[in-house]
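Here's the letter readout for the chains.
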Amino acid sequence: MEIRFHGRGGQGIVVGSSILGRAYFYSGNQVQFFPEFGVERRGAPLQAFLRVSGTKIKEHYNIYEPDHIILFDSALLKSVNVTEGLKDGGWILINSRKAPGEFAFVKNCRVATIDADGISLENKLGNAASPIINAAVAGAFARLVGILPFDSVAKAIAESVPAKIEENIISAKTAYEKVMMGVIM
Amino acid sequence: MIGDAVFKGEKDMPEMPVTIGKMNDNKTGGWRNIAPVINIDKCSGCMICWKFCPDVSIQIVAELPVINYDYCKGCGICSVECPKNAIEMVVEDK
Amino acid sequence: MKTVLTGNYAVSYGAKLAGVQVIAAYPITPQTQIVEKLSEMCAKGELNARYMNVESEHSALAACIGASATGARAFTATSSHGLAYMHELLHWTSRARLPIVMANVNRAMGPGWNVWVDQNDSLSQRDTGWMQVYCKDNQEVIDSIIMAYKISEKVLLPTMINLDAFVLSHTSEPVEIPEVEKVKEFLPSYSPEIRLDIDDPRTFGTLAGPEVYSEFQYKIQKSMEDAETVIKDTCADFKDFFGRSYGMVEAYKLDDADEVIIATSTMAETAATAADRLRSGGVKVGVLRIRYLRPFPAEEIYGLIKGKKRVIILDRNISFGAQGIFCQEVRAGVYGRPCAPDIYGYILGLGGRDVTPDKIINIYKDIKTSSDSAKRMYWGDIKL
């Protein structure tokens, strides 16, 4: 399974990929995750990648045809072709208050949404200008693919976030429960 | 290689270029053409000659400089630097 | 303990497990996290080593040279221009026979300014007398650091462990961290016969005129040749202790292969993926990964490729005016030998350009149609 994360520099997609990557590792998988290689620029569109497999991962190149997409910032839909290469029937998880049905994609994909901004702010993670949403997004994704026990997510959060571990776990748990899954478009 | 060691081949050489003994074994006094001689009556004990000697061949004994001719190469720096002109370079009888 | 580590942290944990006593380094992208982690370990007291902040890479290696001469286990890490800046002291380290280990994150040389993977930094240091290892994954990175001290301290020559910029340095993968007690048993403490010792003063790096200089060079060459046995023995030992197997080269599906792709570092794993796909199309392709550049395992490589129809060599580096450097090494190693295969040299992936299995498959198709092995090199992925 290959997952591509889209966000902007500073939104925490690298830690987000680390939470999910470690969660899959703790539930018995081989994993590989890496940020888009290069120089960090706050605010600029950024990608991160995660591979999950039952056997040793030998792929040492970028992900061009992901199974799923995670979008930290729906505003990127205007400037970035986020579904590029997405495989048929893959999930696209969007951080948004909207319902999945309010998004339309040309691709044959499944849309899920989660109000990660809202959940994170309720748990005092970041502020309105820059909420810290990686735990919530990871929690929501854990529910979508259905092979990831929440315990693994909690353990991964404890290892990946530098502070407020409890708040992050609560935030992820809430997102796990509240994620809105749309039908195949 | 410093000292008396002469190597017949690579087997009796150390792995890296390192001296067998100390630098003390290398008596460089034999390189000298002219020798510094200190006129102790003129010497103020300022230690400038001690400080400048590039071969550490001047020792201070009872607050006055003494030249160690085993190592002095006869460069003459002490003689030039001495503010009291107390050091003269003289041709040695060898 | 199995955990998830980036290549950079795998280096830091490897150095910690090896019980390094002196670390002197200067930060450079993409190596910085290695030395940040080590300085953090020292500050927290998890690692009982002297961490020296220095003003340049030249000083970093100079400090390691002084430390190693006293018999301390010394470590440094750098990348690209930092390695180039160490050049003079790279020669000094090996000619002074000091078993220093360093990690070098393979990064392109500028300009154009480029922080991405490319092997021209370490390959430019080919002739400095360092043993050089190229790693394919983060597990190999941590294991190689530990093995390198054992090998270096036996043959009295330094080792450079190379890992791909970002593709390993910033990529997280599962890594088994060996147990500290077991590493201590595997890697005994270092105690050189001749060391910088104030109670037994000697001059180090002394004058060595024409009457002895050649013999010193002979001894280095002989040690490099003997190192092949030491490396193989140490790898066998490592397998007994930790269960993981390494060598100077790694063969993938070579036994029945008609054609061989030779590659290094992570690109060799990508080549293995390409070989699997080609095999499913009915052609018998294998992969030979070269792990050691120095000492260069020419005999072993010849033994594995003689009698094969064709060999493709993938180089993420170039010696301008000549060809890919690993290609040149392999050609020199098999030249004039019976049943040497036709060799096709390809250069690709420079400055971090992504290398996918598709790219390698295209190169394979290319040699079947248009390429001539008499030509010294081809470009594998250039826009013309």
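Quick notes on the rules
Residues numbered from 1 in each chain as written. Chains lettered and ligands numbered in written order. Predicted model: local features only at pLDDT ≥ 70, side-chain atom pairs only at ≥ 80, totals over all residues. Heavy atoms only, no water. Helix = DSSP H or I, 4+ residues; strand = E, 2+ residues; numbered from the N terminus. Buried < 20%, exposed > 50% of the residue type's maximum accessible area, 1.4 Å probe, protein only. Contact = heavy atoms within 4.5 Å. pLDDT = per-residue confidence, 0-100. Domains from an automatic or database assignment. Buried area = accessible area lost by both parts, 1.4 Å probe. Patch = residues over 30% accessible without salt bridge, like charges linked within 9 Å, V, L, I, M, F, W, Y side chains within 5 Å. Areas by Shrake-Rupley, 256 points an atom, 1.4 Å probe, with all protein chains shown as cover. Salt bridge = Lys/Arg side-chain N within 4 Å of Asp/Glu carboxyl O. Core = buried A, V, L, I, M, F, W, Y, C linked by side-chain atoms within 4.5 Å. Polar contact = N/O pair within 3.5 Å; in protein donor to acceptor, adjacent residues only side chain to side chain. Nonpolar A, V, L, I, M, F, W, Y, C, P; charged D, E, K, R; others polar.

## Let's talk about the environment of Met 41 of chain C
Residue and element names in this part refer to chain C.
In step 1: One can find Met 41 in helix H2 (residues 32–44).
In step 2: On the basis of relative accessibility, which here comes to 2%, the residue Met 41 falls in the buried class.
In step 3: In sequence terms Met 41 and Lys 383 are 342 residues apart; their C-alpha atoms lie 45 Å from each other.
In step 4: Residues within four places of Met 41 in sequence aside, it is in contact with Ser 12, Tyr 13, Lys 16, Glu 46 and Leu 47.

## Structural notes on the confidence of the model for chain C
In step 1: Per-chain confidence: chain C averages 96 in pLDDT, with 100% of residues scoring 70 or above.
In step 2: Of the two predicted TM-score estimates for the complex, the pTM is 0.93 and the ipTM is 0.94.

## Here we look at the domain arrangement of chain C
Residues and elements named next belong to chain C.
In step 1: Taken domain by domain, chain C comprises domain 1 (2–242) and domain 2 (249–379).
In step 2: Using C-alpha coordinates to define each centre, domain 1 is positioned 28 Å away from domain 2.
In step 3: With 30 residues of domain 1 in contact, the opposing surface of domain 2 contributes 26 residues.
In step 4: Across the interface of domain 1 and domain 2, roughly 2400 Å² is buried in total on both sides, 52% from carbon and sulfur atoms.

## Structural notes on a nonpolar patch on the surface
Residue and element names in this part refer to chain B.
In step 1: Taken together, Met 47, Trp 50 and Ile 60 make up a surface patch of nonpolar side chains, about 250 Å² in accessible area.
In step 2: Mapped onto the fold, Ile 60 is located in strand S2 (residues 58–61).
In step 3: By relative accessible area, Ile 60 is classed as partly exposed at 30%.

## So, the nonpolar core
Side chains that are nonpolar tend, in soluble globular proteins, to be buried together.
In step 1: Membership of the largest hydrophobic core comes to 59 residues, with the highest contact counts inside it found for Ile 23, Ile 34, Leu 38, Phe 75 and Met 131 of chain C.
In step 2: No other element matches the nine residues that helix H7 (residues 138–155) of chain C contributes to this core.

## Things to note about helix H12 (residues 325–334) of chain C
In step 1: In terms of residue burial, H12 of chain C counts as a mostly covered element, since eight of its ten residues are buried.
In step 2: Residue Gly 336 of chain C follows H12 of chain C closely and has a positive phi angle near 75°.

## Here's the deal with the interface of chain C and chain B
In step 1: Opposite the 19 residues of chain C that make contact, chain B presents 15 residues.
In step 2: Note on chain C versus chain B: buried area summed over both sides is about 1700 Å², and carbon and sulfur give 65% of it.
In step 3: If you look at where chain C meets chain B, you find three salt bridges.
In step 4: Notably, a salt bridge pairs Glu 15 of chain B with Lys 219 of chain C, separated by 3.7 Å at the nearest N-O pair.
In step 5: One can count seven residue pairs in polar contact (both at pLDDT 80 or more) joining chain C with chain B.
In step 6: When residues of the side of chain C that touches chain B are assigned to their parent elements, the largest contribution, five residues, is made by helix H9 (residues 213–242) of chain C.
In step 7: Grouping the amino acids of the side of chain C that touches chain B by side-chain chemistry returns ten nonpolar, four polar and five charged.

## Examining the interface of chain A and chain C
In step 1: Taken together, the contact pairs 18 residues of chain A with 25 residues of chain C.
In step 2: Where chain A packs against chain C, one counts two salt bridges.
In step 3: The partner of Asp 137 of chain C in a salt bridge is Lys 56 of chain A, and the shortest N-O contact between them spans 2.9 Å.
In step 4: Here chain A and chain C share eight residue pairs in polar contact (both at pLDDT 80 or more) between them.
In step 5: Broken down by secondary-structure element, the contributors of at least two residues to the side of chain A that touches chain C are helix H1 (13–26) and strand S2 (30–35) of chain A.
In step 6: Among the elements that make up the side of chain A that touches chain C, the one with the highest residue count is S2 of chain A (six residues).

## Regarding the side chain of Ser 96 of chain A
All names here are of chain A.
In step 1: Within the fold, Ser 96 resides in the loop between strand S5 (90–95) and strand S6 (109–114).
In step 2: Looking at Ser 96, the relative accessible area reads 9%, which means it is buried.
In step 3: Among the polar contacts listed, one links the side chain of Ser 96 to the backbone nitrogen of Lys 98, at a separation of 3.0 Å.

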